[in-house]
Each structure stands twice: as C-alpha cells, then as structure tokens.
Amino acid sequence: MSNNMIRKASAFEILNHWVLALSFFVLMISGFGFLFHLEGLNSVFGSFNQMKAVHNYIGIVFTVSLLLTVFYYLPVSLKFSGDDITWFLKGGGYFSKKTETPPQDKLNAGQKLYYIFILIAGIAIAATGFIMWLRPPLADIRKWILISHFLHNISFDFMVIAMPFHVYLATLANPGTLRIMVYGTVPIEWAKKRHGKWVKRAE
Ligand code: HEM
C-alpha cells in the first residue's frame, strides 16, 4: 500500500487476465466461424484448417490461463457470507443510488459468482474441447464426442452471453475499475467504498 493507493492485482494477475481475455476472444471469433460457417473468417486465419489449428492451440493457452486463476480468485470466491447474500438481495446497489450495500471482500458477491461461473463453464468447454480434438480411445468415443459437442456449444453460449456484462461492469458501469487490469492499483477511498472488508484487513 502506498500513500493513497492500494494494490488490487499483481503484475502476474494483470498479465494472466489479458492472456485469458485475448485467448477467449480468438476462441470466440473462430468458434463463431465454425458455428455459422463464416467463410470470410477462413481467409483471416489463412484457411479453414488453419483456423481449426489456431482454435485448438489457443484452447491450450486459455485452459492454462484459466487454471492459473484458481490460485488467486478461487479462495476469495469460495468465501460466501451473509453480506454476499444481502448484496444480491439489494441488486448490488445497481438499481438505486440510495441503496446501501454491505461491505464487500476483495471481490464483491457478483464478481465471486461471475468467477465461479467462468471457472465451471471454462473447465467444461476445455474438457469437451480436448475430447473432440484428441479423441481418447474410449469404448463409446462416438457417444462422448456427441455429448462433448453439445456441452461445448452450451458453455460457449453461456460465456458469450455473460462476457458483455463483465466488460460493461468493469468499464462504463464502474468508473475506476479498468485501471485494476492496467496498473493494478486503485485509490484507497475508491476501494473502501467498494471492497470495505478487504481494505480493513489490508490496513
Ligand atoms: C475487454 C475485455 C475485458 C475487460 C475490459 C475486463 C476487465 C476486468 C477488470 C477491470 C477486472 C478487475 C475487477 C476487480 O478486480 O474488481 C476483471 C476481472 C476479471 N475478469 Fe475481466 N475483462 C475483460 C475480459 C475478460 C474475459 C474475456 C474473461 C474470461 C474469459 C474475464 C475474466 C475475468 C475474471 C474471472 C475476473 C475476476 C472476477 C471479476 O472481477 O468478476 N475478463 N476484468
């Protein structure tokens, strides 16, 4: 903690967030290419087969990056308390300026839930992706590939729907948040209002 700033994300966490986000966007764009047969995208990636190769290998990057988040987002996200429930019941204070929300930890209740959601959907999308790619020698491999296609597509839909909310909440809806993923630090006063419990512990 220095003067009036407090560190919310380490250099590693910042780097890993952008690896996660960038790999997600490449996977999403090529994923849409497969889903809707966007022929034009083939030329962006070189050819259809090259787009498939990029999708598969960037899938490895996404998986590793996602698993690394377990070390710093999972412990706080699993600590759900009554304050988190109240935060949800009050809609995170987003519906009225007058609403008082209970003090929040390093991640607020919504962020915790978002993380758990990304982790579960991310693991599902990665595991099913690797089954389709590597076709392990299982007895009913055709059945598993069919199930994997289905689960891969469902988790893709959920993630693509959730993502714009995350980007909106991390930028326009909460000014001052984006700098966490650029500089890693925020003003203490800003943090006290939004993550009171965490600042109290850190002080
Ligand atoms: C342009 C796109 C994105 C922007 C501007 C953005 C911005 C941010 C910011 C500012 C934070 C820090 C919030 C805090 O510490 O209070 C954050 C956290 C996080 N981001 Fe992103 N992000 C983007 C894309 C993504 C993508 C694509 C993923 C996942 C696939 C992702 C997953 C997460 C997770 C899991 C967290 C921690 C939990 C949370 O804050 O909700 N982000 N993001």
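All figures in this text were calculated on a predicted structure; none of them were measured in a lab.

Check the secondary structure of the chain and you find 9 helices and 2 strands. Of the regular secondary structure in the chain, the N- to C-terminal order runs β-α-α-α-α-α-α-α-β-α-α. With respect to the three principal axes, the spread of C-alpha positions in the chain is 55 × 35 × 30 Å. Within the chain, the fraction of its 203 residues that count as buried is 38%. A separation of at least 24 residues holds for 68% of the contacts in the chain among residues at least 6 apart in sequence. Mean positive and mean negative side-chain charge positions of the chain (19 and 10 charges, respectively) differ by 2 Å.

Taken together, 20 residues lie around the ligand, and Lys8, His17, Gln111, Met163 and His166 are the ones closest in. At a separation of 2.7 Å, an oxygen atom of the ligand approaches a polar side-chain atom of Lys8. Between the ligand and His17 there is a distance of 2.8 Å, counted from a nitrogen atom to a side-chain nitrogen or oxygen. Among the elements that line the shell around the ligand, the one with the most residues is helix H1 (residues 11-36), at 6 residues. The residue inventory of the shell around the ligand, partitioned by class, reads 14 nonpolar, 5 polar and 1 charged.

In the structure shown here, the tally under the stated rule is 5 salt bridges. Linking Asp140 and Lys143 is a salt bridge whose minimum nitrogen-to-oxygen distance equals 3.5 Å. Take Asp140: its relative accessible area is 40%, and that puts it in the partly exposed class. On the basis of relative accessible area, Lys143 is assigned to the partly exposed category, the value being 43%. Between Lys192 and Glu189 there is a salt bridge, with its nearest N and O atoms 3.7 Å apart. Highlighted residues: Lys192 and Glu189, both in helix H8 (residues 188-194), separated by 3 residues, approximately one helical turn.

All right, on to a nonpolar patch on the surface then. Taken together, Tyr94, Phe95, Ile161, Phe165, Tyr168, Leu169 and Leu172 make up a surface patch of nonpolar side chains, about 850 Å² in accessible area. Following the sequence through the fold, Ile161 ends up in helix H7 (residues 141-170).

Moving on, we come to the side chain of Ser65. With respect to the secondary-structure elements, Ser65 resides in helix H3 (residues 48-69). Residue classification places Ser65 among the buried residues on the basis of a relative accessible area of 2%. Ignoring anything within four residues of it in the chain, the contact list for Ser65 reads Asn16, Val19 and Leu20.

We now examine the coordination of the iron atom of the ligand. The iron atom of the ligand binds to the protein through His17 (NE2) and His166 (NE2), with metal-donor distances spanning 2.0 Å. Relative to the metal, the 6 donor atoms surrounding the iron atom of the ligand lie at angles of 88 to 179°, and the coordination shape comes out octahedral. With His17 in helix H1 and His166 in helix H7, this residue pair connects regions lying 149 residues apart in the sequence. Look at His166 and you get partly exposed, because its relative accessible area is 27%.

The next point concerns the nonpolar core. By size, the foremost hydrophobic cluster in this structure holds 31 residues, and its most contacted members are Phe62, Met159 and Ala191. For this core, the elements supplying multiple residues, two or more each, are H1, H3, helix H4 (74-78), helix H6 (109-134), H7, H8 and helix H9 (196-202). With residues up to four places along the chain from it excluded, the contact list for Met159 reads Phe24, Phe62, Phe117, Ile118, Ala121, Gly122 and Ile125.

Cut-offs applied
- Residues numbered from 1 in each chain as written.
- Predicted model: local features only at pLDDT ≥ 70, side-chain atom pairs only at ≥ 80, totals over all residues.
- Heavy atoms only, no water.
- Helix = DSSP H or I, 4+ residues; strand = E, 2+ residues; numbered from the N terminus.
- Buried < 20%, exposed > 50% of the residue type's maximum accessible area, 1.4 Å probe, protein only.
- Contact = heavy atoms within 4.5 Å.
- Lys, Arg positive; Asp, Glu negative; His and termini not counted.
- Charge placed at Lys NZ, Arg CZ, Asp CG, Glu CD.
- Near = heavy atom within 4 Å.
- Polar contact = N/O pair within 3.5 Å; in protein donor to acceptor, adjacent residues only side chain to side chain.
- Nonpolar A, V, L, I, M, F, W, Y, C, P; charged D, E, K, R; others polar.
- Salt bridge = Lys/Arg side-chain N within 4 Å of Asp/Glu carboxyl O.
- Patch = residues over 30% accessible without salt bridge, like charges linked within 9 Å, V, L, I, M, F, W, Y side chains within 5 Å.
- Areas by Shrake-Rupley, 256 points an atom, 1.4 Å probe, with all protein chains shown as cover.
- Donors = N, O, S within 2.8 Å, 3.2 Å for Na, K, Ca; no water.
- Tetrahedral: all angles 85-135°; square planar, octahedral: opposite > 155°, others 65-115°.
- Core = buried A, V, L, I, M, F, W, Y, C linked by side-chain atoms within 4.5 Å.

Everything listed here is a matter of geometry and, on its own, says nothing about what the molecule does.
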